[in-house]
Amino acid sequence: MTDQQASCLLEMRGITKYFPGVKALDNVDIELDRGEILAVIGENGAGKSTLMNILGGIYHPDTGKIFLDEQEVAIDSVHRATQLGIAFVHQELNLSDNLDVAANVFLGREPRQTEFLRLIDRKKIYHETEKILKRIEMDCSPRTLVRDLTIGAQQMVEIAKALSINARILIMDEPTSSLSRNEAEQLFKVMKELRLQGVGIIYISHRLGEVKEVADRVTVLRDGKVSGRLKREEIVYDNMIRLMVGRDIEKFYHHEHEASTTPVFEVRDFLVPGQPNKPINFTIHAGEILVVAGLVGAGRTELAHALFGIDEPLGGAVFLDGKPITIKNPWDAIRAGIGLVPEDRKLHGLIVEMAVELNTTLAGLDRYQTMKMIQFDQVRSITHEMVQKLNIRLRNINQVVESLSGGNQQKVVLAKWLSLHPRVLLMDEPTRGIDVIAKEEIYRLMEQLASQGVAILVISSEMQEVIGIADRIIVMHDGEVSGELQHKEQFTEEAVVSLATGGK
Ligand SMILES: Nc1ncnc2c1ncn2[C@@H]1O[C@H](COP(=O)(O)OP(=O)(O)OP(=O)(O)O)[C@@H](O)[C@H]1O
Ligand SMILES: [Mg+2]
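The structure displayed is predicted, hence computed values, not measured ones. Residue positions are given per chain, counting from 1 as you read along its sequence in written order. In the order they appear in the text, chains get letters beginning with A and ligands get numbers beginning with 1. With pLDDT at 70 or above as the cut-off, local features in this predicted model cover only qualifying residues; side-chain atom pairs require 80 or more to be listed or tallied, and sums for whole chains, interfaces and linings still use all residues. With hydrogens and water set aside, each side-chain value is computed from the structure's full complement of heavy atoms.

1. With respect to the domain arrangement of the protein
Annotation of the protein at the domain level lists domain 1 (3-245), domain 2 (260-337 + 422-504) and domain 3 (348-421). For domain 1 and domain 2, the distance between their C-alpha centroids amounts to 33 Å. Should any heavy atoms of two residues lie within 4.5 Å, those residues are counted as being in contact. Contact residues are listed per partner, giving 19 residues for domain 1 and 10 residues for domain 2. Buried area adds together the accessible area that both of two parts lose upon being put together, with accessible area traced by a 1.4 Å probe. Both faces considered, domain 1 and domain 2 share a buried interface measuring about 1300 Å² in area, 58% of it formed by carbon and sulfur atoms. It is Asn44, His206 and Arg207 that lose the most area in domain 1 upon contact with domain 2, and together they represent 29% of the buried surface on that side. Think of a salt bridge as a Lys or Arg side-chain nitrogen and an Asp or Glu carboxyl oxygen that are within 4 Å of each other. Taken together, the connections running from domain 1 to domain 2 amount to 0 salt bridges. Polar contact is defined as a pair of N or O atoms within 3.5 Å, subject to the rule that within protein one atom must be able to donate a hydrogen and the other to accept it, and that residues adjacent in sequence are counted only when both atoms are side-chain atoms. If you look at where domain 1 meets domain 2, you find 2 residue pairs in polar contact (both at pLDDT 80 or more). Bear in mind that the domain bounds are from an automatic or database domain assignment.

The structure is reproduced here in structure tokens:
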């Protein structure tokens, strides 16, 4: 062992992990120093979360060793990982909706008033939580119920929870995937502060621009193996892509379709629940990609939910191809030809305990029935087509969705709606958690749908995506449409941000 290795905070050596039918990790080595931000990147399904789940005590490796401060440790439970000072912000949110922020932050580790009485010390919980929230500049009361927070804010609660254990090692599995640019910047500030305090941070992200911004070093995984390591000065886009994919790729996405002027989806004086005084008006034309930009919490998801019938609107009218339609629940929407790729795939998108093939065809099962019998060969062939189109990585289509990697689960949500051939497709953060290569595939698919005349509404918080894919942009602020950008020349980050923060 060299001197340099000996000073490591963390080493994982020769980690191998099998799942039924896949070798998820193959002899992986990583090391992390004190006060270092190590980014772990790789395509969807490369093994990043599996490696972190091993470090976090959730999975046990088949072979391999873990050293903390040169001491070999056995991390056989989440509890043990926490004791060792390893905190984990998971890719999927893990909060209890019906508890408040403070209760979530201290869940399972509630401080007691006295050793003898063992009563939970609520005062301390609120006080400590307030301090942590202040530290991450999160403007919310520790008494807010988690279910009343946006996904972005919920993600910040996860981070608060991780900070509350005074971690030596902080694992963040795609912490920014549902954060706005501002929130992400806030998080980077916190990460840099922790780095100064000597915390080692492992940061997983598909946003390569952010990796370049914050990482001290990068380790790249490909098909369960380390395909390369990059030092600070080597962290550039091309190097990252080459190690991720194993080849160079040319610039991918080209905006080619022409939006028409034929209105397909018209929304008039539409009132989203909770916003009785803020009527929303917009039109999407055939073959048009309308992007709804705005900060997290601006009311975009609520709008999509009301349009799709998840929540009933308070008023207004919706027209499809010139005819008024009434949508009281998602089935009405589906029958009318409207699809929704939801932001929260676990809540509204997928039944993760069920097979991939059932999930992809769920919303349209009545189409694959003859005399009440499901035509499974049809279900299968549609699923195979989608798996190929979206390049979903799986062993077979009757695998449960739960056993897919996060990004591949998101692709199953897309498959579910694409297979219905909707007339109007509402997409709420559709590329969240998707690797750069698959992202391009999804943009290409949107392009294809637009060329076929589908009206597409995309809610996106990723500026590059907003500007890259839009034919037109409307921006929401505080439940209202605060402005519209009609021409490509107007699509700039400044213009969007200014409208998103309430400017004109
Ligand atoms: N519980 C499980 N059961 C079976 N297979 C699994 C399980 N968890 C992960 N896998 C498989 O292990 C491989 C690695 O998955 P992992 O979740 O680590 O990928 P990832 O790099 O985190 O991808 P993403 O960027 O999509 O989150 C994939 O092939 C996945 O299907
Ligand atoms: Mg993952």
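Once the structure has been displayed, the description carries forward.
2. What about the sheet that holds strand 7 (residues 169-173)?
The pairing criterion is simple: DSSP has to find at least two bridges between the two strands. Each helix is a run of H or I in the DSSP string that is no shorter than four residues. Each strand is a run of E no shorter than two, and both are numbered from the N terminus. Strands sit in the order 6-7-8-3-9-10 across an open sheet of 6 strands; the sheet is mixed. At either end of the open sheet lies a strand with only one pairing partner, and these are strand 6 (86-89) and strand 10 (225-231). Averaged over all adjacent pairs, the angle separating strand axes in this sheet is 20°, with direction ignored. Relative to strand 7, strand 6 is paired through 4 bridges, and the arrangement is parallel. Across the sheet, the residue bridging to Ala87 is Leu170, located in strand 7. Here an axis means a line fitted to C-alpha atoms, over the contact stretch when the element is a helix, while the angle between two N-to-C directions is reported on a 0 to 180 degree scale.

3. Describing empty space enclosed by the protein
Each cavity reported here is a set of points on a 1 Å grid over the protein atoms alone in which a 1.4 Å probe fits but cannot get out, each pocket an open set with protein on both sides within 12 Å along at least five of seven lines, and each lining residue one with an atom within 4 Å of a point. Grid points are joined across faces, edges and corners, and a volume is the space filled by probe spheres set on the points. In the structure shown here, the tally under the stated rule is 3 cavities of 30 Å³ or more. Roughly 120 Å³ of volume is contained in the largest cavity. As for the largest cavity, its lining consists of 16 residues, and the residues nearest its centre are Ser177, Arg207, Arg432, Gly433 and Glu462. Residues are grouped as follows: Ala, Val, Leu, Ile, Met, Phe, Trp, Tyr, Cys and Pro are nonpolar; Asp, Glu, Lys and Arg are charged; all remaining types, including Gly, are polar. Here the residues of the lining of the largest cavity are counted per class, giving 1 nonpolar, 8 polar and 7 charged.

4. Re the pairing of strand 11 (residues 263-271)
Across 5 bridges, the pairing between strand 11 and strand 12 (residues 280-285) is antiparallel. Among the inter-strand pairings, Val267 is bridged to a residue of strand 12, identified as Phe282. Bridging between strand 11 and strand 14 (residues 315-320) involves 5 bridges; their strand directions are antiparallel. Within strand 14, the position partnered with Leu271 by the bridge is Gly315.

5. Points about unusual backbone geometry
The phi dihedral of Asp69 is positive, around 50°, even though this residue is not glycine. Tracing the backbone shows Asp69 in the loop between strand 4 (63-68) and strand 5 (71-73). We note that Glu174 has phi near 50°; this positive angle belongs to a residue other than glycine. For Glu174, the location among the structural elements is in the loop between strand 7 and helix 7 (181-196).

6. Overview of the sheet that holds strand 5
If you trace the 4 strands from one edge of the open sheet to the other, you get 2-1-4-5, paired in antiparallel fashion. Two strands bound the open sheet, and with one partner strand each, they are strand 2 (22-32) and strand 5. Across the sheet, the axes of successive neighbouring strands diverge by a mean angle of 30°, strand direction being ignored. Along the sheet face, helix 2 (residues 48-55) touches strand 1 (10-19), strand 2 and strand 4 and points at about 115° away from the line of strand 1.

7. Observations regarding helix 2
We call a residue buried when its accessible area falls under 20% of the maximum for its residue type, exposed when it is over 50%, and partly exposed in between, using a 1.4 Å probe and counting protein chains only. In terms of residue burial, helix 2 counts as a mostly covered element, since 7 of its 8 residues are buried. All of the buried residues along helix 2 are Lys48, Thr50, Leu51, Met52, Asn53, Ile54 and Leu55. Following helix 2 by one or two positions, Gly57 adopts a phi angle in the positive range, close to 80°.

8. Points about the packing of aromatic side chains
Only rings of Phe, Tyr and Trp enter the pairing, Trp through its six-membered ring, and a pair is recorded when the two centres are within 6.5 Å. The plane angle decides the type: under 30 degrees is stacked, over 60 is edge-to-face, the rest tilted. What the rule picks out here adds up to 3 aromatic pairs. For the ring pair Phe188 and Tyr203, a centre distance of 6.2 Å and an interplane angle of 85° mean the geometry is edge-to-face. Placement of Phe188 in helix 7 and of Tyr203 in strand 8 (residues 200-204) is noted, with a sequence separation of 15 residues between them. Ring geometry for Phe308 and Trp417: centres 5.7 Å apart, planes at 90°, overall edge-to-face. Of the two residues, Phe308 sits in helix 10 (residues 300-308) while Trp417 sits in helix 15 (residues 406-418), which places them 109 residues apart along the sequence. Exposure remark for Phe308: the relative accessible area of 5% places this residue in the buried category. Note on geometry: a ring has a charge over it if NZ (lysine) or CZ (arginine) is within 6 Å of the ring centre and within 35 degrees of the ring normal. Above the plane of the ring of Tyr126 lies Arg143, whose end atom (NZ or CZ) is 3.9 Å from the centre.

9. Quick word on the environment of Val157
By secondary structure assignment, the location of Val157 is in helix 6 (residues 151-163). Linking Val157 and Ile132, residues 25 residues apart in sequence, is a C-alpha distance of 9.6 Å. In this structure Val157 touches Leu95, Val101, Asn104, Val105, Met138 and Leu149, once residues within four positions along its chain are discounted.

10. Some thoughts on the confidence of the model for the protein
pLDDT measures the predictor's confidence residue by residue and takes values from 0 up to 100. On average, residues of the protein score 89 in pLDDT, and 97% of them are at 70 or above. Per-residue pLDDT stays below 50 along residues 1-6; that stretch engages in 5 contacts with residues further than four places along the chain or on separate chains.

11. Structural notes on the site of ligand 1
The immediate surroundings of ligand 1 are formed by 19 residues, with Gly45, Lys48, Thr50, Ser405 and Gly407 found nearest. In the environment of ligand 1, an oxygen atom lies 2.9 Å from a nitrogen or oxygen atom belonging to the side chain of Ser49. We get accessible surface area from the Shrake-Rupley algorithm with a probe of 1.4 Å; when it comes to residues, only the shown protein chains can shield them. Out of a free accessible area of 640 Å², ligand 1 has 87% covered by protein chains. Counting residues per element, the shell around ligand 1 draws most heavily on helix 2, at 3 residues. Across the shell around ligand 1, the residue classes break down as 5 nonpolar, 11 polar and 3 charged. When we break the shell around ligand 1 down by domain, the ones giving at least three residues each are domain 1 (3-245) and domain 3 (348-421). Nearness of a residue to a molecule or strand requires only that one of the residue's heavy atoms be within 4 Å of it.

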